[in-house]
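Chain and residue survey
So you can see what is in the structure, the chains are spelled out below.
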Amino acid sequence: AGKMEDWSDWNPMDVDFHNKDLNRYDNVHSKTIENANNHVPLPPEMKEKNYPYMVIANERTNLQVRMINNFFTNKLVAYIEPKSRSYMVYFHSVGCLEKARELIDKYPFLFTVRKLPPVGFDDNKVSKDNDKHLVPRTEPLPDEPITSPTKINLQGRIQPVSDGDESHPEFIVPPLLTNMDYAKGSLLERNDPNRRFLNAKDEYALERHGAYELKDEKQLKDGILLFSAGRTTAVPKYIPKDAIKSISTPPEGSNLARCVACQNWTNIVCKRCQTRICNAECMESVADEHKKICATGKPFINDKYVRKFPQPRMPASGEMVRITAFQQTNVAYVILADRHMHMAYLRVVDKVRSMGAKASKLQDAPKFGQFVILQKGTHILRAMVLNPEDLQKIYVVCLDYGSVEVAPLENLLECNETLAGLPCYPIAVQLRGIAKHYMSPNIRALIYELVRDFVFRIKYSIRHFNHRKGIHVVTLIEGLRHRSVNRLFKSLLTPVEPSLAHIGYKENELPHLFLPTGKNIEVVIMDNSFLEVGLLYCTIKDFAYEICRFQQDIQHYGNKIAKQETYSAPKDELCIAKYHGKWCRGVSMELVGDGFPSIFFLDYGNIVPTSIRDIRAYPREFAFPVMTTELKLIDFPEKVTEEQLKNLKEYFALGRFLTCDEIIKHPKLQNFSGRFKILETIFNSN
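Residues numbered from 1 in each chain as written. Predicted model: local features only at pLDDT ≥ 70, side-chain atom pairs only at ≥ 80, totals over all residues. Heavy atoms only, no water.

The helix and strand tally for the chain stands at 17 helices and 31 strands. Expressed as a percentage of its 686 residues, the buried residues of the chain come to 44%. When contacts within the chain are restricted to residue pairs at least 6 apart in sequence, long-range pairs at least 24 apart make up 64% of them. (Helix = DSSP H or I, 4+ residues; strand = E, 2+ residues; numbered from the N terminus. Buried < 20%, exposed > 50% of the residue type's maximum accessible area, 1.4 Å probe, protein only. Contact = heavy atoms within 4.5 Å.)

On to the pairing of strand β30 (residues 657–666). Pairing of strand β22 (residues 518–527) with β30 involves 6 bridges; the strand directions are antiparallel. When the sheet's bridge partners are listed, Glu-522 is paired in β30 with Thr-659. Note: β30 against strand β31 (residues 671–675), 5 bridges, orientation antiparallel. The partner of Ile-664 across the bridge, within β31, is Ser-673. (Pairing = 2+ DSSP bridges.)

This part takes up the pattern of salt bridges. Within this structure, the stated rule accounts for 17 salt bridges. Among the ionic pairs, Lys-582 bridges to Glu-170, the shortest N-O distance being 2.1 Å. Within this pair, whereas Lys-582 is found in strand β25 (residues 582–590), its partner Glu-170 is found in the loop between β6 (134–136) and α6 (187–191), the two being separated by 412 residues in sequence. By relative accessible area, Lys-582 is classed as partly exposed at 38%. We classify Glu-170 as exposed; its relative accessible area is 57%. Among the salt bridges present, the one from Arg-549 reaches Glu-546, with a minimum N-O distance of 2.7 Å. (Salt bridge = Lys/Arg side-chain N within 4 Å of Asp/Glu carboxyl O.)

Once that is clear, we can look at the environment of Thr-378. Assignment of secondary structure puts Thr-378 in the loop between β14 (371–376) and β15 (379–387). The sequence separation of Thr-378 and Ala-357 amounts to 21 residues, and the corresponding C-alpha distance is 9.5 Å.

With that out of the way, let us pick up the sheet that holds strand β24 (residues 574–579). With antiparallel pairing, 5 strands are arranged side by side in an open sheet as β27-β26-β25-β24-β28. In this open sheet, the two strands that pair with only one neighbour each are β27 (607–609) and β28 (615–617). Here the strands of the sheet are splayed against their neighbours by 45 degrees on average, with no regard to which way each runs. Both strand β26 (residues 598–600) and β27 contribute to a ladder of 3 bridges, which runs antiparallel. What sits directly across from Phe-600, in β27, is Ile-607. Where helix α15 (residues 541–561) meets the sheet, it contacts β24, β25 and β28, and its direction lies at approximately 80 degrees from that of β25. (Axes fitted to C-alpha atoms, helices over the stretch in contact; angles between N-to-C directions.)

The next point concerns unusual backbone geometry. The backbone of Thr-73 sits at a positive phi, close to 70 degrees, despite the residue not being glycine. Mapped onto the fold, Thr-73 is located in the loop between α4 (65–72) and β2 (77–82). With relative accessibility at 36%, the residue Thr-73 sits in the partly exposed group. Even without being a glycine, Asp-635 presents a positive backbone phi close to 60 degrees. Along the polypeptide, Asp-635 turns up in the loop between β29 (629–633) and α16 (642–651). Overall, the relative accessible area of 59% leaves Asp-635 in the exposed class.

We now examine the side chain of Thr-329. Relative to the helices and strands, Thr-329 resides in the loop between β12 (320–328) and β13 (331–336). For Thr-329, a relative accessible area of 1% gives the class buried. One polar contact links the side chain of Thr-329 to the main-chain amide nitrogen of His-437, over a distance of 3.0 Å. Residues contacting Thr-329, with those up to four places away along its chain left out, are Leu-431, Ile-434, Ala-435, Lys-436, His-437, Tyr-438, Met-439, Ile-443, Phe-489 and Leu-493. (Polar contact = N/O pair within 3.5 Å; in protein donor to acceptor, adjacent residues only side chain to side chain.)

As structure tokens, then:
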């Protein structure tokens, strides 16, 4: 065999690397890439044709024509015209422009798409005095893409469309109290002379329906944080069996005895007479009586003295306060954080807890303004009745917190005169610059975080007093980091219109609250447009009121905040769409190219082709739960006559409150079916 040739130094890439013919890169138009970056005038054919275009802002120092051209490819781009502050990207067709938009949505952080200024203004020439004023240009910009109205294409749609054109049902949330309830000589006028609870509202109804987590076991080592009606309560995880006994009997060997002033356990004694007094405040309250007995050397026994509590007052501007509860998104209840007032507040709460546990249950229905004891689990709270019309849902306000609670008659106890006469320290204040908004999940989480242990500095002026509600308008500043609570609330409550490059939201990202299952369930008809195939969209009364509550936020966003004149949400993404002049939440179900996407209004149930001029992007702040459920009618025939359909729509009218005989949930299909006995009468009578 011959000697093998040595190939160890051979480099297979060396030949191609030094070959000039292989290293010459040309584009499809036989122009070198170096020439593609040159600023050349707009070709004459581009001026004659109305090409669709996109404006990309020149916000990056390394952004070049080559980068844009390589990103979109020559198959889409017809020509790129560089400007001083932007790039005009012209496309071969509208389809190429839509494909480019999909690429931008997929990689939103690469480029920033700008909206063109009006024709006749140049964004290259900016006034030195004011950067916002544009200087007129001699040559007009290319015409904007034509978006003239087109006819609705119903034949090319796969998704069914609602056959009716009725307005969405509206519900008026009844107030808990009115001025008529404060009639002269009434119990409510006597117990609430300043009408501080006239504007009280139930903003936490969804908590009672299991929409949110109501406890947190992670933040405390040996306790649980309970969240309820805008207030936070810490309870121990384990309560010993002799806990009640230990309150009345001191532990063995502890050397504890009752304070002669406040009756709390203490081991502090007077050195001369051995009288138990726990602190300087208690010593001051019994100073005169103790001085007479102390000189004799005998222990002081206080049988007749009743300790006086300091009078509640509005904190002065600049003082430190604590938040006891948030009644609304812009109304909170605060107490002074200084030691004297805070200890008095804790003594009142403790006295209500100890004496209220021994109270007897109410036998008769309570009256408006009546003081009661609310027993909520292991909590004993002092409350005043606001609305006792429904004995299973009696609205009360907790006097020592300011929160509005709902309880049945069996959870209310008698309140004696001693507990009713104790002072109420929480004072209602309104956050300055914060309008009333719906209690969304993100603001609810912030509220329960602030109510815990934070201390705030309160700032206000007398001229900002709200005379209509009778409360001060204040600014709260967090004491440790000096952050404005008002500014934080405003940033969370004010919706922001997403940019076009932002990835949209899906319906499954929102929480869902379905109909309860069982028999004799009261439902509200939200939509009956698909009744011909046996489908209804329903909810319960409390959920219907909640839907009406957050409509105000949606109207404000659609009319005042959203600025995009046209918007077409991608399929299956959330949007804000207009129906009969009002903005509603919707889901884009189908795009057929006629400018009227099929929008499913998920809070009601109808599907309507809606113009892109009446659609806006969905803001992330609207995390409201979906509370309308699709209900399939049981024993519904495959075909119905016109007379039967007319009778069905009269019975299942929009906004009507009906009792469903039975609601069944199918675990595998995850849908709901409803049984109405009236269907037998409707179908058998025809």
